[in-house]
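Listed below are the residues making up each chain.
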Amino acid sequence: MITRKRLAAGAGALLAALTAGIAFPVAAAAGEPVGGSAPQVDLVLDVSGSMRTADIDGGTRMAAAKRAFNEVLDATPEEVQLGIRTLGADYPGNDRKTGCKDTAQLYPVSTLDRTEAKTAVATLSPTGWTPIGPALLKAAGDFAAGDGSKRIVLITDGEDTCAPLDPCEVAREISAKGVGLTIDTLGLVPSTKLSKQLSCIAEATGGTYTSVEHTDELTDKVNQLVDRAADPVVTPVATEGTDACATAPTLKSGLYTDREEFTQQRWYRVDVKPGQELRTSVSVAADRAVNPSYGVLLRAVTVHGREIVRGEAAGNGRTDVISSGLRYPKPESDEDDAPAETVCLQVTNSFSAGAGVKTTPGLPLELTVDVVDGPSKASDVASFGLGRGWWLLGVLILAGFVAGLLWGWVSRWRVAVWRTN
């Protein structure tokens, strides 16, 4: 996890320098927010025939979407480039092949002209099919090149009607391309089947799924997602782990990405000085169909192979991402010039590919490394996994012992009084 105080201090220093009129180049550290292109958002709206249904606040789903869009367009930050894409808006016929091509860019992803965008939205009328998969493929190409954040917000009232082009597989393909695109999904109908499909789309790209049943909820959520696109972008740094610690790359604090084959081991190295603490986590994503029951193991070992600490997690197929983490505090040294210790990080996964599924390229892996100043007594953190809670446990044990003695004394006194009487 990147230390927030460090980021805040860096931002404050940069702001002060700019205010004073000093211009100098700044190199971004691994995984830190960087400046660059404007954030981009593409709103993908379902305009299929089912949007005529009148079950949202006394009006049709389409009317609710239009009202929400108008309010969102008014509230969109100036720095955000926004576009609108439709699906099922133009073809009213029954030919499935034609209906599944029915997606169009209503308003290009660009600097927002609110009046023009509102006028375009006002012309929409519920019409045809629900080609979610084809619409997502087209939407992924709506963005201009750049390092700014890219986000698709899909709003629909029904599941895709254009299988076998599974929209969940489409989302995984988009994620596997490494374009840094997030897809958030909003469902206008509380349906289990719809929820499952939209959740899968969102999880494949690190996005979110939300079910909304009122206009105000839809407006608030879309506004929230558009605002989130304007947040600083944390750009992961690509690295390449090896099959042995001796040849592994040495990483500093930051956010890193890699690819790991099925059941493969990847090694990385981190230098930890006396008095520092290593905090690291890893996430491995299944961007294709995999068999249920899998896990990830993260180990910190010495250069001689002795295990220091480990973190592990298991999954059963209910999520496409599995994560684990660990902490290793290195005690202070009596020597002022004590050398740093090289800690080897080993990442292993137990994913297995489904029948007919390609095993290359490897699964997306994201590794967070943070080396910070350790606690005053590093050994406290590892005391039975309790950290500072060790002292609280001791107090509770002592209090229980004293309470037991008092209760025993009172019980014996009551028995003695009863016998006397």
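Residues numbered from 1 in each chain as written. Predicted model: local features only at pLDDT ≥ 70, side-chain atom pairs only at ≥ 80, totals over all residues. Heavy atoms only, no water.

S.K.: Account for the pattern of salt bridges, naming residues and giving values.
M.R.: Scanning all chains against the criterion turns up 14 salt bridges. The partner of D55 in a salt bridge is R61, and the shortest N-O contact between them spans 2.8 Å. Under the relative-accessibility criterion, R61 is labelled buried at 9%. Linking D184 and R151 is a salt bridge whose minimum nitrogen-to-oxygen distance equals 2.4 Å. With D184 in strand β6 (residues 181-187) and R151 in strand β5 (residues 150-156), the pair connects residues that are 33 residues apart, well separated along the chain. (Salt bridge = Lys/Arg side-chain N within 4 Å of Asp/Glu carboxyl O. Buried < 20%, exposed > 50% of the residue type's maximum accessible area, 1.4 Å probe, protein only. Helix = DSSP H or I, 4+ residues; strand = E, 2+ residues; numbered from the N terminus.)

S.K.: How would you explain the sheet that holds β5 if you had to name every residue and give the values?
M.R.: On the basis of which strands lie adjacent, the open sheet formed by six strands has the order β4-β3-β2-β5-β6-β7 and mixed pairing. Here the strands that pair on one side only, and so sit at the sheet edges, are β4 (103-111) and β7 (209-211). Geometrically, the sheet is characterised by an average inter-axis angle of 15° between neighbouring strands, direction not taken into account. As judged from the six bridges shared by strand β2 (residues 40-46) and β5, these two strands associate in the parallel manner. Looking across to β5, one finds that L43 is bridged to V153. Helix-sheet contacts for helix α2 (residues 61-75) involve β2, β3 (81-87) and β5, and the interaxial angle to β2 is about 165°. (Pairing = 2+ DSSP bridges. Axes fitted to C-alpha atoms, helices over the stretch in contact; angles between N-to-C directions. Contact = heavy atoms within 4.5 Å.)

S.K.: Help me get a handle on the state of the cysteines, residues and values and all.
M.R.: Simply put, the disulfide is a covalent bond whose two ends are the sulfur atoms of two cysteines. In this structure the tally under the stated criterion is three disulfides. The side chain of C100 participates in a disulfide bridge whose partner is C162; the two sulfur atoms lie 2.0 Å from each other. Residues C100 and C162 share a disulfide whose torsion about the S-S bond is about -95°; that sign makes it left-handed. Of this pair, C100 sits in the loop between α3 (96-99) and β4 while C162 sits in the loop between β5 and α6 (167-176), placing them 62 residues apart in sequence. A single burial state applies to C100 and to C162, both of which are buried. Residue C168 pairs covalently with C200 via a disulfide, S to S 1.6 Å. Looking down the S-S bond of the C168 and C200 bridge, the torsion is -45°, so its handedness is left-handed. On the criterion of sequence distance, the pair formed by C168 in helix α6 and C200 in helix α7 (residues 192-204) is long-range, its members being 32 residues apart. Residues C168 and C200 agree in their burial class; the two are buried. Taking only the cysteines that form disulfides and numbering them from first to last, the protein has the pattern 1-2, 3-4, 5-6. (Disulfide = S-S within 2.5 Å.)

S.K.: Got a sec to walk through the side chain of T86? Specific residues and values, please.
M.R.: Tracing the backbone shows T86 in strand β3. A relative accessible area of 4% places T86 in the buried class. With residues up to four places along the chain from it excluded, the contact list for T86 reads L45, V47, D102, T103, A104, L106 and L124.

S.K.: Go over a negative patch on the surface, please, and point to the residues and values.
M.R.: A cluster of acidic residues, D57, E71, E213, D216, E217 and D220, forms a negative patch on the protein surface. Per-element tally for the negative patch: the top contributor is helix α8 (residues 215-229), with three residues. Mapping E71 onto the fold places it in helix α2. Residue classification places E71 among the partly exposed residues on the basis of a relative accessible area of 42%. (Patch = residues over 30% accessible without salt bridge, like charges linked within 9 Å, V, L, I, M, F, W, Y side chains within 5 Å. Areas by Shrake-Rupley, 256 points an atom, 1.4 Å probe, with all protein chains shown as cover. Lys, Arg positive; Asp, Glu negative; His and termini not counted. Charge placed at Lys NZ, Arg CZ, Asp CG, Glu CD.)

S.K.: Quick rundown of the packing of aromatic side chains? Include the residues and the values.
M.R.: Applying the stated criterion across every chain yields a total of one aromatic pair. For the pair Y294 and F351, a centre-to-centre distance of 4.4 Å together with 20° between the ring planes defines the contact as stacked. Of this pair, Y294 sits in strand β13 (residues 294-301) while F351 is found in the loop between β16 (341-349) and β17 (363-373), placing the two residues 57 residues apart along the sequence. In this structure, Y294 and F351 share a single accessibility class: buried. (Phe/Tyr/Trp six-rings, centres within 6.5 Å; stacked < 30°, edge-to-face > 60°.)

S.K.: Got a sec to walk through a nonpolar patch on the surface? Specific residues and values, please.
M.R.: Taken together, the side chains of L398, F401, V402, L405 and L406 define a hydrophobic patch exposed on the protein surface, amounting to about 520 Å² of accessible area. In this fold, L406 is placed in helix α10 (residues 389-420). Overall, L406 belongs to the exposed group, its relative accessible area being 53%.

S.K.: Tell me about the environment of N223, and please be specific about residues and values.
M.R.: Mapped onto the secondary structure, N223 falls in helix α8. For the pair formed by N223 and L73, sequence separation is 150 residues and the distance between their alpha carbons is 8.8 Å. Discounting chain neighbours no more than four positions away, the residues touching N223 are E71, V72 and A75.

S.K.: Lay out the packing of α2 against helix α4 (residues 114-122) in plain terms, naming residues and giving numbers.
M.R.: Packing of α2 against α4 brings their axes to within 10 Å, and their N-to-C directions diverge by 170°. Of the possible angle classes, the one that applies to α2 and α4 is roughly antiparallel. Residues K66, F69, N70, L73, D74 and A75 of α2 touch α4, and the partners they reach there are R114, A117, K118, V121 and A122. Residue composition of the contact of α2 with α4, grouped by class: six nonpolar, one polar and four charged. (Parallel < 35°, antiparallel > 145°, perpendicular 65-115°, else oblique. Nonpolar A, V, L, I, M, F, W, Y, C, P; charged D, E, K, R; others polar.)

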